[in-house]
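Descriptive analysis of the structure
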Amino acid sequence: MKFEWNESYSVGVEELDEQHKKLFGLIGEIENMSTQEDYKAAIYQALDELMEYVMIHFHTEEEYMKSAEYPEFDAHLKKHQIISEDVNTRVNYMMNKDLNALDLVMIHNFLAEWLKEHILVEDQGYKQFVQHLGSGKNKK
(Lines give C-alpha, C1' and ligand atoms only; values in the text may rest on other atoms or scores of the structure.)
Protein backbone atom coordinates (compact mmCIF):
# COMPACT_ATOMS: atom_id res chain seq x y z
CA MET A 1 0.00 0.00 0.00
CA LYS A 2 1.45 3.33 -1.08
CA PHE A 3 2.04 5.89 1.66
CA GLU A 4 0.32 9.04 0.48
CA TRP A 5 -2.10 11.67 1.72
CA ASN A 6 -5.76 11.39 0.79
CA GLU A 7 -8.95 13.22 1.82
CA SER A 8 -9.55 10.93 4.80
CA TYR A 9 -6.59 12.71 6.44
CA SER A 10 -8.10 16.18 6.03
CA VAL A 11 -8.60 18.12 9.26
CA GLY A 12 -10.65 20.80 7.51
CA VAL A 13 -7.99 23.51 7.84
CA GLU A 14 -6.19 24.13 4.56
CA GLU A 15 -2.86 25.20 6.08
CA LEU A 16 -2.73 22.11 8.33
CA ASP A 17 -3.75 19.83 5.47
CA GLU A 18 -0.95 21.30 3.33
CA GLN A 19 1.54 20.72 6.11
CA HIS A 20 0.32 17.16 6.57
CA LYS A 21 0.76 16.61 2.81
CA LYS A 22 4.35 17.88 3.06
CA LEU A 23 5.01 15.50 5.97
CA PHE A 24 3.64 12.62 3.89
CA GLY A 25 5.99 13.67 1.10
CA LEU A 26 9.04 13.91 3.35
CA ILE A 27 8.36 10.50 4.88
CA GLY A 28 7.69 9.06 1.42
CA GLU A 29 11.11 10.31 0.28
CA ILE A 30 12.72 8.28 3.04
CA GLU A 31 11.03 5.16 1.74
CA ASN A 32 12.33 5.81 -1.77
CA MET A 33 15.92 6.45 -0.66
CA SER A 34 16.79 2.80 -0.12
CA THR A 35 16.81 2.34 -3.89
CA GLN A 36 19.38 5.11 -4.40
CA GLU A 37 23.01 4.12 -4.75
CA ASP A 38 24.35 6.66 -2.22
CA TYR A 39 21.38 7.01 0.10
CA LYS A 40 23.28 7.46 3.34
CA ALA A 41 24.13 11.15 2.88
CA ALA A 42 20.65 11.86 1.55
CA ILE A 43 18.90 10.13 4.45
CA TYR A 44 20.67 12.24 7.05
CA GLN A 45 19.59 15.40 5.26
CA ALA A 46 16.03 14.10 4.83
CA LEU A 47 15.73 13.16 8.50
CA ASP A 48 17.04 16.55 9.55
CA GLU A 49 14.57 18.33 7.26
CA LEU A 50 11.75 16.15 8.53
CA MET A 51 12.54 16.93 12.16
CA GLU A 52 12.61 20.66 11.47
CA TYR A 53 9.33 20.51 9.61
CA VAL A 54 7.61 18.45 12.32
CA MET A 55 8.45 21.24 14.80
CA ILE A 56 7.09 23.90 12.43
CA HIS A 57 3.93 21.88 11.93
CA PHE A 58 3.38 21.26 15.63
CA HIS A 59 3.79 24.98 16.33
CA THR A 60 1.27 25.89 13.62
CA GLU A 61 -1.21 23.27 14.81
CA GLU A 62 -0.87 24.45 18.41
CA GLU A 63 -1.51 28.06 17.38
CA TYR A 64 -4.74 27.03 15.62
CA MET A 65 -5.86 25.03 18.64
CA LYS A 66 -5.02 27.81 21.08
CA SER A 67 -6.85 30.47 19.05
CA ALA A 68 -9.93 28.24 18.77
CA GLU A 69 -9.78 27.56 22.53
CA TYR A 70 -9.73 23.86 21.82
CA PRO A 71 -10.63 22.16 25.13
CA GLU A 72 -8.17 19.28 24.54
CA PHE A 73 -5.29 21.67 23.82
CA ASP A 74 -3.20 20.74 26.87
CA ALA A 75 -3.54 17.01 26.20
CA HIS A 76 -2.71 17.51 22.51
CA LEU A 77 0.31 19.65 23.42
CA LYS A 78 1.53 16.88 25.75
CA LYS A 79 1.18 14.35 22.91
CA HIS A 80 3.22 16.65 20.66
CA GLN A 81 5.94 16.79 23.32
CA ILE A 82 5.98 13.01 23.76
CA ILE A 83 6.11 12.25 20.04
CA SER A 84 8.74 14.95 19.49
CA GLU A 85 10.97 13.30 22.07
CA ASP A 86 10.32 9.83 20.65
CA VAL A 87 10.94 10.88 17.06
CA ASN A 88 14.06 12.85 18.06
CA THR A 89 15.43 9.85 19.95
CA ARG A 90 14.83 7.48 17.05
CA VAL A 91 16.10 9.87 14.40
CA ASN A 92 19.23 10.72 16.42
CA TYR A 93 19.88 7.01 16.87
CA MET A 94 19.58 6.49 13.11
CA MET A 95 21.80 9.48 12.36
CA ASN A 96 24.55 8.10 14.61
CA LYS A 97 24.80 4.67 13.07
CA ASP A 98 25.85 3.22 9.76
CA LEU A 99 22.48 2.96 8.07
CA ASN A 100 21.40 0.09 5.90
CA ALA A 101 18.25 -0.48 3.85
CA LEU A 102 16.52 -2.27 6.73
CA ASP A 103 17.08 0.77 8.97
CA LEU A 104 15.36 2.92 6.36
CA VAL A 105 12.38 0.59 6.27
CA MET A 106 12.17 0.64 10.07
CA ILE A 107 12.32 4.43 10.40
CA HIS A 108 9.93 4.89 7.50
CA ASN A 109 7.40 2.49 9.00
CA PHE A 110 7.65 4.16 12.41
CA LEU A 111 7.19 7.65 10.96
CA ALA A 112 4.39 6.58 8.61
CA GLU A 113 2.42 4.88 11.39
CA TRP A 114 2.95 7.82 13.73
CA LEU A 115 1.75 10.36 11.16
CA LYS A 116 -1.30 8.35 10.12
CA GLU A 117 -2.33 7.71 13.73
CA HIS A 118 -1.71 11.29 14.80
CA ILE A 119 -3.86 12.69 12.00
CA LEU A 120 -6.61 10.04 12.02
CA VAL A 121 -6.91 9.86 15.82
CA GLU A 122 -5.51 12.90 17.57
CA ASP A 123 -6.20 15.59 14.98
CA GLN A 124 -9.73 14.40 14.26
CA GLY A 125 -10.87 15.63 17.68
CA TYR A 126 -9.77 19.13 16.68
CA LYS A 127 -11.53 18.75 13.32
CA GLN A 128 -14.80 17.82 15.03
CA PHE A 129 -14.43 20.71 17.47
CA VAL A 130 -13.85 23.24 14.68
CA GLN A 131 -16.79 21.86 12.67
CA HIS A 132 -18.95 22.15 15.77
CA LEU A 133 -17.81 25.77 16.22
CA GLY A 134 -18.56 26.53 12.59
CA SER A 135 -22.07 25.17 12.89
CA GLY A 136 -22.82 27.82 15.53
CA LYS A 137 -23.66 25.27 18.21
CA ASN A 138 -20.69 26.28 20.31
CA LYS A 139 -20.82 30.05 19.80
CA LYS A 140 -21.59 32.37 22.69
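In case you missed it, the structure is sitting above this.
Cut-offs applied
Residues numbered from 1 in each chain as written. Predicted model: local features only at pLDDT ≥ 70, side-chain atom pairs only at ≥ 80, totals over all residues. Heavy atoms only, no water. Helix = DSSP H or I, 4+ residues; strand = E, 2+ residues; numbered from the N terminus. Buried < 20%, exposed > 50% of the residue type's maximum accessible area, 1.4 Å probe, protein only. Polar contact = N/O pair within 3.5 Å; in protein donor to acceptor, adjacent residues only side chain to side chain. Contact = heavy atoms within 4.5 Å. Salt bridge = Lys/Arg side-chain N within 4 Å of Asp/Glu carboxyl O.

Examining the side chain of Ser84
With respect to the secondary-structure elements, Ser84 resides in helix H3 (residues 73–95). Take Ser84: its relative accessible area is 11%, and that puts it in the buried class. Among the polar contacts listed, one links the side chain of Ser84 to the backbone oxygen of His80, at a separation of 2.7 Å. When neighbours within four sequence positions are excluded, Ser84 is seen to be in contact with Met55 and Phe58.

Re the pattern of salt bridges
A side chain of one charge can pair with a side chain of the opposite charge when the charged atoms of the two come close. Per the counting criterion, the structure on display carries 5 salt bridges. Measuring nitrogen to oxygen at the nearest pair gives 3.6 Å for the salt bridge that ties Lys66 to Glu63. Taken together, the positions of Lys66 and Glu63, both in helix H2 (residues 39–67) and 3 residues apart, correspond to about one turn of that helix. Looking at Glu63, the relative accessible area reads 36%, which means it is partly exposed. Between Glu113 and Lys116 there is a salt bridge, with the nearest N and O atoms lying 3.2 Å from each other. You can see Glu113 and its partner Lys116 sitting in helix H4 (residues 101–134), 3 residues apart, about one turn around the helix.

Bear in mind that shape data such as this cannot, by itself, settle questions of function.
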